[in-house]
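Residue-level structure breakdown
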Amino acid sequence: MKKITIKTLADKKQRREKIVSITAYDYTFARILDQGDVDMILVGDSASNVCAGYQTTLPITLDEMIYHSRSVRRGVQRALLLADLPFLSYQASVEQAVLSAGRLMKEAEVEGVKLEGGEIMADTIYRLAHIGIPVMAHIGLTPQAQHQLGGRLVQGKDEKEAKRLKEEAKILEEAGAFALLLELIPTKLAKEITDSINIPTIGIGAGPHCDGQILVCYDLLGMDKDFNPKYLRKYAELHDTISQAVQDYSMDVRKADYPGDSESYTSYSNK
Ligand code: KIV
């Protein structure tokens, strides 16, 4: 087993090998995903949506991210493991970011963090990277700013916005980010950014030219029938599989078919 590091990802970009990333939130899923040969696992603050049922990523706390990250950590041996810095755990000051990222590294033993934002985050990324905390930056649609952006909308659709995102990508690379996540931006813009920087770009809703792709594990497994954004390809329909399994189980219990003899401890010694 060859451990994936940020250097492995940089080498993959040089060799034009695609990087495979996925989110995870618990031990059981993390183990399956890690054994499935992915390069990078992100404990996303999308846990706020898919695990806790909130409408946005804003409510999840740093303590909750640490809990999810510790659970995932125990299931991951090979992939590079990152965790999201949640809303308001890093925006207040560089010092706050250092302390929050430091807690994720010390208490959950993640190997790096992701944070959202462009130029405004350059000083923070510089400081984290230079004290040994790898940072993946995140631009385009930044869900923690969704109220400011007017919703979960495609970003960089006009010349001015596209130019700004290209400039920010360079600034974040120069600040020391080891990778850049591009969310919901046009394919052409994602390609231009990918071609213009030396760090890997990881896309979600950003077309095929990024150096790698990331999806929320529950989305690609088809756990939510109502979540169908254009960019999503579902590789399974687990909602249907799980719901059928639960119905079958209910029926078997109700007609006393489960447990059967082979599923029961039928003999005992009364000596
Ligand atoms: O939290 C998350 O799931 C993310 C996605 C963009 C991968 O940041």
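It should be noted that the structure appears before, not after, this text.
Residues numbered from 1 in each chain as written. Predicted model: local features only at pLDDT ≥ 70, side-chain atom pairs only at ≥ 80, totals over all residues. Heavy atoms only, no water.

As a general point, the strands of a sheet are linked pairwise by backbone hydrogen bonds and lie either parallel or antiparallel. If you trace the eight strands once around the closed barrel, you get β1-β2-β3-β4-β5-β6-β7-β8, paired in parallel fashion. Along the sheet, successive strands turn relative to each other by an average axial angle of 25°, direction set aside. In this sheet, strand β7 (residues 201–204) lies alongside strand β6 (residues 179–183) in parallel orientation, the contact comprising four bridges. Along β7, the bridge assignment pairs L182 with G203. Across the sheet, helix α9 (residues 187–196) lies against β6 and β7, angled at about 175° from β6, the strand it touches most. (Pairing = 2+ DSSP bridges. Helix = DSSP H or I, 4+ residues; strand = E, 2+ residues; numbered from the N terminus. Axes fitted to C-alpha atoms, helices over the stretch in contact; angles between N-to-C directions. Contact = heavy atoms within 4.5 Å.)

What follows concerns a nonpolar patch on the surface. A cluster of nonpolar side chains, namely Y249, V253 and Y258, defines an oily patch on the protein surface of about 300 Å² accessible area. Its location among the elements puts Y249 in helix α11 (residues 238–254). (Patch = residues over 30% accessible without salt bridge, like charges linked within 9 Å, V, L, I, M, F, W, Y side chains within 5 Å. Areas by Shrake-Rupley, 256 points an atom, 1.4 Å probe, with all protein chains shown as cover. Salt bridge = Lys/Arg side-chain N within 4 Å of Asp/Glu carboxyl O.)

Time to look at α11. Along its 17 residues, α11 runs 24 Å from first to last C-alpha, staying within 8% of the 24 Å computed at 1.5 Å per residue. Trailing α11 by a residue or two, A256 shows a phi angle of about 55°, which is positive. (Expected span 1.5 Å × (residues − 1).)

Glancing now at the packing of helix α4 (residues 62–73) against helix α5 (residues 94–108). Two elements in contact, α4 and α5, have axes separated by 9 Å at closest approach and are oriented at 30°. Relative to α5, the crossing made by α4 is right-handed. Between α4 and α5, the residues in contact are L62, D63, M65, I66, S69, R70 and R73 and S100, R103, L104, E107 and A108, respectively. Residue composition of the contact of α4 with α5, grouped by class: five nonpolar, two polar and five charged. (Left-handed = near helix turned anticlockwise from the far one by under 90°. Nonpolar A, V, L, I, M, F, W, Y, C, P; charged D, E, K, R; others polar.)

What follows is about the environment of S69. Considering the arrangement of structural elements, one finds S69 in helix α4. When the C-alpha atoms of S69 and V110 are compared, they prove to be 7.2 Å apart, with 41 residues separating the residues in sequence.

Quick look at the environment of V154 now. Take V154: it is sitting in the loop between α7 (146–149) and α8 (159–175). The partly exposed category is assigned to V154, whose relative accessible area is 40%. Along the primary structure V154 and L184 are separated by 30 residues, whereas in three dimensions their C-alpha atoms are 4.9 Å apart. Every residue in contact with V154, bar those within four places of it in the chain, is listed here: L184, I185 and P186. (Buried < 20%, exposed > 50% of the residue type's maximum accessible area, 1.4 Å probe, protein only.)

As enumerated under the stated definition, the model contains three aromatic pairs in all. Judged by centre distance (5.5 Å) and plane angle (55°), the ring pair of Y25 and Y218 falls under tilted. One end of the pair, Y25, is in the loop between β1 (19–23) and α2 (27–35); the other, Y218, is in helix α10 (residues 217–220), with 193 residues separating them in the sequence. The same class applies to Y25 and to Y218, which are both buried. With a centroid separation of 5.3 Å and 65° between ring planes, the pair formed by F29 and Y218 is classed as edge-to-face. A residue pair is termed long-range when its members are at least 10 positions apart, and F29 in helix α2 and Y218 in helix α10 qualify at 189 residues. Each member of the pair F29 and Y218 is classed as buried. (Phe/Tyr/Trp six-rings, centres within 6.5 Å; stacked < 30°, edge-to-face > 60°.)

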